[in-house]
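Structural features, examined
What follows is the residue order along each chain.
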Amino acid sequence: MDLTYTAAEEAFRSELRSWLRASIPEEWQRPGFWDKLDGDESFRLRRDWERDKALAGFAGIEWPTEFGGRGGTPGMRAIYDEEMVLARAPRTVNPLGLSFLAPTVMAIGTDAQKKEIIGPLLRNEVIWCQGFSEPGAGSDLAALSTKGVRDGDDFVVNGQKVWTTNAVHGDKIFTMVRTEAGSAKHRGISMLLIDMHQPGVEARPLKQMSGASEFGEVFFTDARVPATDCLGEIGDGWRTAMLLLSFERGASGIGQYTEFRRQYDEIVEVAKKLGRDRDPVVRDKLARVLVDLECLRLHAMHVLTQVEQGRDLGFEASMTKLQWSETFQDLWEVFDDIVGEDATLDSVDDLDLRPFHGQSMWSRSVTIWGGSSQVQRNITAERVLGLPR
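The structure reproduced in this document is the subject of the present report. Remember, predicted model here, so these are calculated numbers, not experimental data.

Conventions and cut-offs
Residues numbered from 1 in each chain as written. Predicted model: local features only at pLDDT ≥ 70, side-chain atom pairs only at ≥ 80, totals over all residues. Heavy atoms only, no water. Helix = DSSP H or I, 4+ residues; strand = E, 2+ residues; numbered from the N terminus. Rg over C-alpha atoms; globule rule 2.2 N^0.38 Å. Buried < 20%, exposed > 50% of the residue type's maximum accessible area, 1.4 Å probe, protein only. Areas by Shrake-Rupley, 256 points an atom, 1.4 Å probe, with all protein chains shown as cover. Lys, Arg positive; Asp, Glu negative; His and termini not counted. Charge placed at Lys NZ, Arg CZ, Asp CG, Glu CD. Axes fitted to C-alpha atoms, helices over the stretch in contact; angles between N-to-C directions. Parallel < 35°, antiparallel > 145°, perpendicular 65-115°, else oblique. Left-handed = near helix turned anticlockwise from the far one by under 90°. Contact = heavy atoms within 4.5 Å. Nonpolar A, V, L, I, M, F, W, Y, C, P; charged D, E, K, R; others polar. Patch = residues over 30% accessible without salt bridge, like charges linked within 9 Å, V, L, I, M, F, W, Y side chains within 5 Å. Salt bridge = Lys/Arg side-chain N within 4 Å of Asp/Glu carboxyl O. Core = buried A, V, L, I, M, F, W, Y, C linked by side-chain atoms within 4.5 Å. Phe/Tyr/Trp six-rings, centres within 6.5 Å; stacked < 30°, edge-to-face > 60°. Lys NZ or Arg CZ within 6 Å of the ring centre and 35° of its normal.

Moving on to the overall build of the chain. In terms of helices and strands, the chain carries 11 helices and 10 strands. By the compact-globule yardstick of 21 Å for 389 residues, the chain fits well, its C-alpha radius of gyration being 22 Å. Residue burial in the chain is summarised as follows: out of 389 residues, 46% are buried. Element-wise, carbon and sulfur atoms account for 51% of the exposed surface of the chain, whose accessible area totals about 19,400 Å². When the 46 positive and 61 negative side-chain charges of the chain are each reduced to one mean point, those points stand 2 Å apart.

Take a look at the structure:
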């Protein structure tokens, strides 16, 4: 693998770092700042800041220039991910639209869809949600029951989606709907692009144990969708969904490693302040997590090298998901071990623990969403290693 970046990529790093330094208010970078804000206010600030970033040319790093992107390299995208973390930049409010929908529209969308979706998405004029999971269709997505019945030039949609990120702030949703009655499993599904501000669409927030409501559930009651607002072919939504999810596979994990490594350093400081850094068991656990983190960094650079060489990683992406999610979870389990039962308190020994609460609780979820660890192990065993089912 190649552990270096080109001169052009390093020049991009300097340009991006200078812009971030000038554009992020100092108070935004203080631990716990975002946690203290009302959810709507936090969303508004991040949406406006991200729009300014796009107008400055620091969005869609790998996107072709014809779609408003920078036309950069995979190495530039990795640098972008790394520098955003180092600068404590606000996280995106349009993650699913940017990562999944836009590349899919570029690949198979109609000319009208490309014009209507990509530019407004990049500038955060339209926030997109993803409607895949349902109460009875999680890991088994093909078991979805949301239905779309053709009525003239429209589909009339009825059903429910759940665990929808940014549901209450979303403007539109790309969602899987069974449009052929009686069709089996993967057949007869279409990916429809639905306006969430119309009658018949209701989004309700779901309260997380952290107190945030990043997710929601979406109810469709006779919502109307023009048949032209289907991404890909009608009835061939499964193929569209697999293409859409494949764009996750080019992610190298550089940004995740950078964020986790900073969190590791912060947890080590907690151990020192509480006098737990001299405990040999704690030291051993910290050392093990540090080794895992460095393995994640090397794996991320390996993936980046493969992508730069034009290789399709395919099912090997399951190994990346498995590695980063379990390393992240192990890291925060060490934090819980260090703090013990005091982990539920706001402070201990004049140490403010509130900035740590969100990540500690969030870590429990990462081995479930996006394909559970059990599913990822099966995929790796069967599709990468060639083992029997």
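On we go.
Attention shifts here to the packing of helix α4 (residues 95–108) against helix α6 (residues 237–246). Interhelical geometry of α4 versus α6 gives an angle of 120° and a closest axis separation of 8 Å. Between α4 and α6, the angle is such that the two are oblique. The interaxial crossing formed by α4 with α6 has right-handed handedness. For the pair formed by α4 and α6, the contact residues are Phe-100, Leu-101, Thr-104, Ala-107 and Ile-108 on the first element and Thr-240, Leu-243, Leu-244 and Leu-245 on the second. Class assignment for the residues of the contact of α4 with α6 results in seven nonpolar, two polar and no charged.

Two quantities define a packed helix pair, namely the angle between the axes and the distance from one axis to the other. One way to put it is that α4 packs onto helix α5 (residues 111–122) with a least axis distance of 10 Å and a crossing angle of 155°. By the angle class used here, α4 and α5 are roughly antiparallel. In terms of crossing hand, the pair formed by α4 and α5 is left-handed. On α5, the residues that touch Gly-97, Leu-98, Leu-101, Ala-102, Val-105 and Met-106 of α4 are Gln-113, Lys-114, Ile-117, Ile-118, Leu-121 and Leu-122.

Once that is clear, we can look at the side chain of Gln-130. Mapped onto the elements of the fold, Gln-130 is located in strand β1 (residues 128–131). Ignoring sequence-local partners within four residues, the contact set of Gln-130 consists of Leu-96, Phe-100, Thr-164, Ile-173, Phe-174 and Leu-244.

A separate point is a nonpolar patch on the surface. Together, Phe-315, Met-319, Val-384, Leu-385 and Leu-387 give the surface a local cluster of nonpolar side chains, amounting to about 420 Å² of exposed area. Relative to the helices and strands, Met-319 is located in helix α9 (residues 317–339). Overall, the relative accessible area of 31% leaves Met-319 in the partly exposed class.

Once that is clear, we can look at the pattern of salt bridges. For side chains bearing opposite charge, pairing can occur when the charged atoms are close. The final tally for this structure, using the stated rule, is 31 salt bridges. Across the pair Glu-10 and Arg-13 runs a salt bridge, and its minimum N-O distance is 3.0 Å. Linking Glu-10 with Arg-13, this pair stays in helix α1 (residues 7–23), spanning three residues, or about one helical turn. Classification of Glu-10 as partly exposed rests on a relative accessible area of 32%. Between Arg-364 and Glu-333 there is a salt bridge, with the nearest N and O atoms lying 3.0 Å from each other. With Arg-364 in the loop between α10 (354–362) and α11 (373–384) and Glu-333 in helix α9, this residue pair connects regions lying 31 residues apart in the sequence. On the basis of relative accessible area, Arg-364 is assigned to the partly exposed category, the value being 39%. In this structure Glu-333 comes out as partly exposed when scored by relative accessible area, which is 31%.

This part covers the environment of Met-209. Here Met-209 lies in the loop between β6 (201–206) and β7 (215–226). Met-209 sits 149 residues away from Gly-358 along the chain, and the two C-alpha atoms are 9.0 Å apart. If we skip the residues at most four places from it in the chain, Met-209 touches Met-361 and Arg-364.

Grouped together as the largest cluster of nonpolar side chains are 28 residues, with contacts concentrated most on Leu-101, Trp-128, Phe-132, Phe-174 and Met-191. Breaking this core down by element, the ones donating at least two residues are α4, α5, β4 (172–178), β5 (189–195) and α6. Top contributing element to this core by residue count: α4, with six residues. Counting 26 residues, the second-largest nonpolar core is a separate cluster that includes Ala-271, Phe-328, Trp-332 and Val-366.

Okay, the packing of aromatic side chains next. All chains considered together, the criterion is met by 16 aromatic pairs. Between Trp-19 and Phe-58 the ring centres are 5.7 Å apart and the planes differ by 40°, which places this aromatic pair in the tilted class. Of this pair, Trp-19 sits in helix α1 while Phe-58 sits in the loop between α2 (39–55) and α3 (74–86), and the two are 39 residues apart along the sequence. Arranged with centres 6.2 Å apart and planes meeting at 35°, the rings of Phe-260 and Trp-324 form a pair that is tilted. Taken together, the residues Phe-260 in helix α7 (residues 254–273) and Trp-324 in helix α9 connect sequence positions 64 residues apart. The residues Phe-260 and Trp-324 share a single accessibility class, namely buried. Chaining the aromatic ring pairs together yields one cluster made of Trp-163, Phe-215, Phe-260, Trp-324, Phe-328, Trp-362 and Trp-369. For Arg-150, the ring lying beneath its charged end belongs to Phe-155, and the centroid distance is 5.3 Å.

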